[in-house]
Amino acid sequence: MNPLIYTRYELLRTLRNRRFFLLSLGFPLILYYLIAGSQRNVHDLGSTGLSAPLYYMVGLASFGTMAAMLSSGARIAAERAVGWNRQLRITPLSPRSYFRAKVVTAYMMALLSLLALYIAGTTLGVSLPADQWLKMTGLIIVALVPFAALGVLLGHRLTPDSIGPALGGGVSLLAFVGGTWFPIPASGFLHDVAQFVPSYWLVQASHVALGGHPWPARAWVVMAGWTIVLSIAAARAYRQDTGRV
Amino acid sequence: MSASGIAAGAPVRTAEIQLSGLVKSFRGPDGPIEAVRGIDVDISAGETVALLGPNGAGKSTTIDMLLGLLAPDGGAVSVFGGSPREAVARGAVGAMLQTGDLIRDLSVRELIAMMASLYPAPLDVDEVLELTGVDGIAAQRTQKLSGGQTQRVRFAVALVSNPELLVLDEPTVAMDVEGRRGFWTTMRAFAARGKTIVFATHYLEEADAYADRAVLMAHGRIVADGPTTEIRAMVGTRTIRATLPDVDVDSLAALAGVNGAERHGEAVILTCTDSDVAIRALLAAAPDARDIEIVAAGLEQAFLALTADEAVEPTADGPGASSR
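Positions within a chain are numbered from 1, following the residues in the order the chain's sequence is written. Working convention: letters from A go to chains and numbers from 1 go to ligands, in the order in which they are written. Per-residue local features of the predicted model are confined to residues with pLDDT of at least 70, and side-chain atom pairs are confined, for both listing and counting, to 80 or more; whole-chain, interface and lining totals are unaffected and use all residues.

Chemist: What exactly am I supposed to notice about the overall build of chain A here?
Modeler: We count a stretch as a helix when DSSP gives it H or I for four or more residues in a row; a strand needs E for two or more, and each element gets its number in order from the N terminus. Looking only at helices and strands, chain A has 11 helices and 0 strands in total. In sequence order, the secondary structure elements of chain A are arranged as α-α-α-α-α-α-α-α-α-α-α. In this description the radius of gyration comes from C-alpha coordinates, and the expected globular size is given by 2.2 Å times residues to the power 0.38. For 245 residues, the compact-globule formula gives about 18 Å, and the C-alpha radius of gyration of chain A, at 18 Å, lands near that figure. Counting only C-alpha atoms and orienting by the principal axes, one finds that chain A spans roughly 60 × 35 × 35 Å.

Chemist: Whenever I open this one, the sheet that holds strand β12 (residues 267-272) of chain B confuses me. Can you help?
Modeler: In a beta sheet, neighbouring strands are held together by backbone hydrogen bonds and run either parallel or antiparallel to one another. All names here are of chain B. For two strands to pair, DSSP has to find at least two bridges joining them. The antiparallel open sheet is built from 4 strands, whose spatial order is β11-β12-β10-β13. Every interior strand has two partners, whereas the edge strands, β11 (258-264) and β13 (290-296), have only one. Taking the axes of each pair of neighbouring strands and ignoring which way they run, one obtains an average angle of 15° across the sheet. Bridge analysis of strand β10 (residues 238-243) against β12 gives 6 bridges, and the strand direction is antiparallel. Bridged to Ile-240 within β12 is Leu-270. Axis geometry follows a simple rule: fit a line to the C-alpha atoms, using only the stretch in contact for helices, then measure angles between N-to-C directions, giving values from 0 to 180 degrees.

Chemist: Would you explain unusual backbone geometry in this entry?
Modeler: Residue and element names in this part refer to chain B. Phi at His-219 takes a positive value of approximately 50°, unusual for a residue other than glycine. One non-glycine residue, Asp-291, adopts positive backbone phi at about 50°. Within the secondary structure, Asp-291 is located in strand β13. As a rule, residues whose C-beta atom has 12 or fewer other C-beta atoms within 10 Å are exposed, those with 20 or more are buried, and those in between are partly exposed; C-beta atoms are placed from the backbone. We classify Asp-291 as exposed; it has 10 C-beta atoms within 10 Å.

Chemist: Even after reading the chapter, I still don't get helix α11 (residues 217-240) of chain A, so can you show me in this structure?
Modeler: Side chains three or four residues apart in an α-helix point the same way, a direct result of the helix having 3.6 residues per turn. Residues and elements named next belong to chain A. The span expected for a helix works out to 1.5 Å for each residue beyond the first. Between its first and last C-alpha atoms α11 spans 35 Å; for 24 residues at 1.5 Å apiece the expected length is 34 Å, and the two agree. Of all the positions in α11, only Ala-219, Met-223, Leu-230, Ala-234 and Tyr-238 are classed as buried. By the convention adopted here, residues make contact when the C-beta atoms placed from their backbones lie within 7 Å. If you follow the buried residues of α11, they end up packed against α5 (95-123), α6 (130-143), α7 (145-157) and α10 (198-206).

Chemist: Got a minute to help me understand the interface of chain B and chain A in this structure?
Modeler: How large an interface is tends to be reported as the accessible area lost when its parts come together. Counting residues at the interface gives 24 residues for chain B and 21 residues for chain A. Those elements giving two or more residues to the side of chain B that touches chain A turn out to be α3 (84-89), β5 (93-96) and α4 (108-116) of chain B. Among the elements that line the side of chain B that touches chain A, the one with the most residues is α4(B), at 3 residues. Residues are grouped as follows: nonpolar covers Ala, Val, Leu, Ile, Met, Phe, Trp, Tyr, Cys and Pro; charged covers Asp, Glu, Lys and Arg; every other residue, Gly included, is treated as polar. Its residues assigned to classes, the side of chain B that touches chain A comprises 16 nonpolar, 4 polar and 4 charged.

Chemist: Could you clarify how one ought to interpret the domain arrangement of chain B in this entry?
Modeler: Taken domain by domain, chain B comprises domain 1 (4-92 + 163-232) and domain 2 (236-296). Domain start and stop positions are those given by an automatic or database domain assignment. Each of domain 1 of chain B and domain 2 of chain B has a C-alpha centre, and the two are 36 Å apart.

Chemist: Before we go on, may I ask you to explain the pairing of strand β9 (residues 221-226) of chain B in this structure?
Modeler: Within a regular strand, the side chains alternate between the two sheet faces. All names here are of chain B. Summarising burial for β9: 6 of the 6 residues are buried, a large majority. Strand direction decides the pairing type here: strand β8 (residues 213-218) and β9, joined by 5 bridges, are antiparallel. Each residue of the ladder has a partner; that of Ala-218, found in β9, is Arg-221. Connecting β8 to the antiparallel partner β9 that follows it, the hairpin turn spans 2 residues, and His-219 within it adopts a positive phi of roughly 50°.

Chemist: What exactly am I supposed to notice about the sheet that holds strand β7 (residues 196-201) of chain B here?
Modeler: Residues and elements named next belong to chain B. A sheet is described by the order of its strands in space; here 6 strands give the open sequence β5-β6-β7-β3-β8-β9, paired in mixed fashion. Because the sheet does not close on itself, it has two edges, and the strands there are β5 and β9. Between one strand and the next, the sheet's axes are offset by a mean angle of 15°, whatever the strand orientation. Against the sheet, helix α6 (residues 147-160) contacts β5 and β6 (165-169), and its axis sits at roughly 175° relative to β5.

Chemist: It is not clear to me how the packing of helix α3 (residues 52-81) of chain A against α7(A) should be interpreted in this structure. Could you clarify?
Modeler: Geometry of a packed helix pair, given as the angle between the helix axes and the separation of the axes. Residues and elements named next belong to chain A. Taken N-terminus to C-terminus, the directions of α3 and α7 make an angle of 25°; their axes are 7 Å apart at the nearest point. Of the possible angle classes, the one that applies to α3 and α7 is roughly parallel. By crossing handedness, the relation of α3 to α7 is classed as right-handed. Across from Met-66, Met-69, Leu-70, Ser-72, Gly-73, Ile-76 and Ala-77 in α3, the residues of α7 making contact are Phe-147, Ala-148, Leu-150, Gly-151, Val-152, Leu-154, Gly-155 and His-156. For the contact of α3 with α7, the per-class residue count stands at 10 nonpolar, 5 polar and no charged. The labels follow the angle: roughly parallel below 35 degrees, roughly antiparallel above 145, roughly perpendicular from 65 to 115, and oblique for the rest. By definition, any crossing whose near helix is turned counterclockwise from its far helix by less than a right angle is left-handed, and any crossing with a clockwise turn is right-handed.

Chemist: Help me understand the environment of Met136(A) in this model?
Modeler: Residue and element names in this part refer to chain A. Mapped onto the secondary structure, Met-136 falls in helix α6. C-beta crowding within 10 Å serves as the criterion here: with 23 such atoms nearby, Met-136 is assigned to the buried category. In the structure, Met-136 is positioned 68 residues away from Gln-204 in sequence and 9.5 Å away in space, judged by C-alpha atoms. If sequence neighbours within four positions are ignored, Met-136 has contacts with Ala-205, Ser-206, Val-208 and Ala-209.

Chemist: Quick question: what am I supposed to make of α6(B) here?
Modeler: The terminal C-alpha atoms of α6(B), which comprises 14 residues, lie 20 Å apart, in line with the 20 Å expected from a rise of 1.5 Å per residue. Taking burial as the measure, the 14 residues of α6(B) include 11 buried ones, the bulk of the element. All of the buried residues in α6(B) are Gln149(B), Gln151(B), Arg152(B), Val153(B), Arg154(B), Phe155(B), Ala156(B), Val157(B), Ala158(B), Leu159(B) and Val160(B). Buried positions along α6(B) lie against α4 (84-89) of chain A together with β5, α4, α5 (125-131), β6 and α7 (177-191) of chain B. Looking one or two residues beyond α6(B), the residue adopting positive phi is Asn162(B), at roughly 50°.

Chemist: Help me understand the nonpolar core, please; the structure alone is not making it clear to me.
Modeler: Nonpolar side chains tend toward joint burial in soluble globular proteins. Residues and elements named next belong to chain B. Put simply, a nonpolar core is a cluster of buried Ala, Val, Leu, Ile, Met, Phe, Trp, Tyr and Cys residues tied together by C-beta atoms within 7 Å. Ranked by internal contacts, the top residues of the largest apolar core, which has 82 residues, are Leu-52, Val-93, Ile-112, Ala-156, Val-167, Val-215 and Leu-216. In terms of residue count, α6 provides more of this core than any other element does, 7 residues in total. With residues near it in sequence (within four places) discarded, Ala-156 still touches Ile-112, Val-128, Leu-129, Thr-132 and Val-134.

Chemist: How should I be thinking about the pairing of β10(B) in this particular structure?
Modeler: As paired strands, β10(B) and β13(B) are joined by 5 bridges and run antiparallel to one another. Across the sheet, residue Ile240(B) finds its bridge partner in β13(B), namely Ile294(B).

Chemist: Before we go on, may I ask you to explain the environment of Val171(A) in this structure?
Modeler: Residues and elements named next belong to chain A. Considering the arrangement of structural elements, one finds Val-171 in helix α8 (residues 160-178). Under the C-beta neighbour-count criterion, Val-171 is labelled buried, with 21 such atoms within 10 Å. Taking the C-alpha atoms as reference points, Val-171 and Glu-10, 161 residues apart in sequence, are found 24 Å from one another. The contacts of Val-171, once residues within four sequence positions are left out, are Met-66, Ala-67 and Leu-70.

The following block contains the structure:
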């Protein structure tokens, strides 16, 4: 009775699902090369003093990792659709072990996505001091915690045919409000809203590599708040989710 | 015709699994659908019990409540002295649900090993692969299996947990004849280890051949509960068929040893409580009866007779009411 074995098989399954794996990692890379590839010689993007390959690498790092985290929901929805969730419920697998397996798998995908973007960045001439890369990666890992809970929540609330549009639309919306594609203005309505959106702080986390400031106290509070709310909602969704789908 | 006589004759053993007064309804388009309307069943350790009934009888709903997947609206479930969840959490329950497919991207052996890792005292993975006849496809990916193979792997998933209580909801539906035979051979071997087995089926011959006891369900109620042999004895054990064009069936139904008569064109079919008495009475009353056949009724006839009673009079104190 070793719950880590279950996590290991979950990781193995994810790596073996070639379509899921390649599409999850591929799209941020394609976007990156499309956007940054044509501007690889722009060394001062919009007079920010940043090169285009660096700026977009960092932007897509937040987008790619967020999408990777939430895609765990699609896998959960698919498992539920074939009744596997009910099969697991009649085993001694604890909710804790179940969530751990799902979250670890989601993080694996997110970190692989991040790694792929780093490598892509270097092919376009990006180079950063090691400590800055580490700081950025560390803060991104923290910023992804609420998204891990959101992925599990969506997976247990939605069906396979509704989770596609939910994730597509949700990731786009979160990326937009979070400032992935263009900087959020320093004041105004969008700025005020963004302060309470987890993707905004995820983008800010990745902007550490651009010389941005680490999170202020408000960021920690907002992210902790989302983590608590979404975790409770995810746990409730899991508990209630024992019926036939 | 009450089922209580059967229950009274049952040997007194401790009930390890108790379903008492279970009630469950679901929301439907025309108001609530009462799937289970008050069920009482006590199951002793080591018993093999068939939950028998047509589609929509409430079998799967009952099994979901037994496994703790569904909370009853009323009544209680006790499994080995605790709640179903407690029994599941300590690995005492294994189950094969009615619907469900396998997760993809694992080999059959990996899937069984993964499930085994969740239990405190699982069976040996190789032993289970062999027992369930999937050792030949152990290296295949789960998404490449046929329907019958999937069903056998699902059985292996249930079996590897080495449970004290094994619950199977319509286990042989997707299996061919050979698969079914192999499945029941394995089940018998498992039951011989002193395990408690509850299985739902609408194959009457399976209940007849493999269960110690059958619980017949219809319309969310238990219409009979007892050894399969006794259930058959509850209604006519034999039927007499004869060509007899000009006789009133009601007069035939009143004959000694007969408890029902039907006309099919020129033929009449008499359901008998005692066919020896009935055939003598029939020949005395209607000496011109021809083409006479006496046929032993299976559980099927018993089943139809009992569930038909229930359909006509679906009240709590009707003839098919719960046995306890």
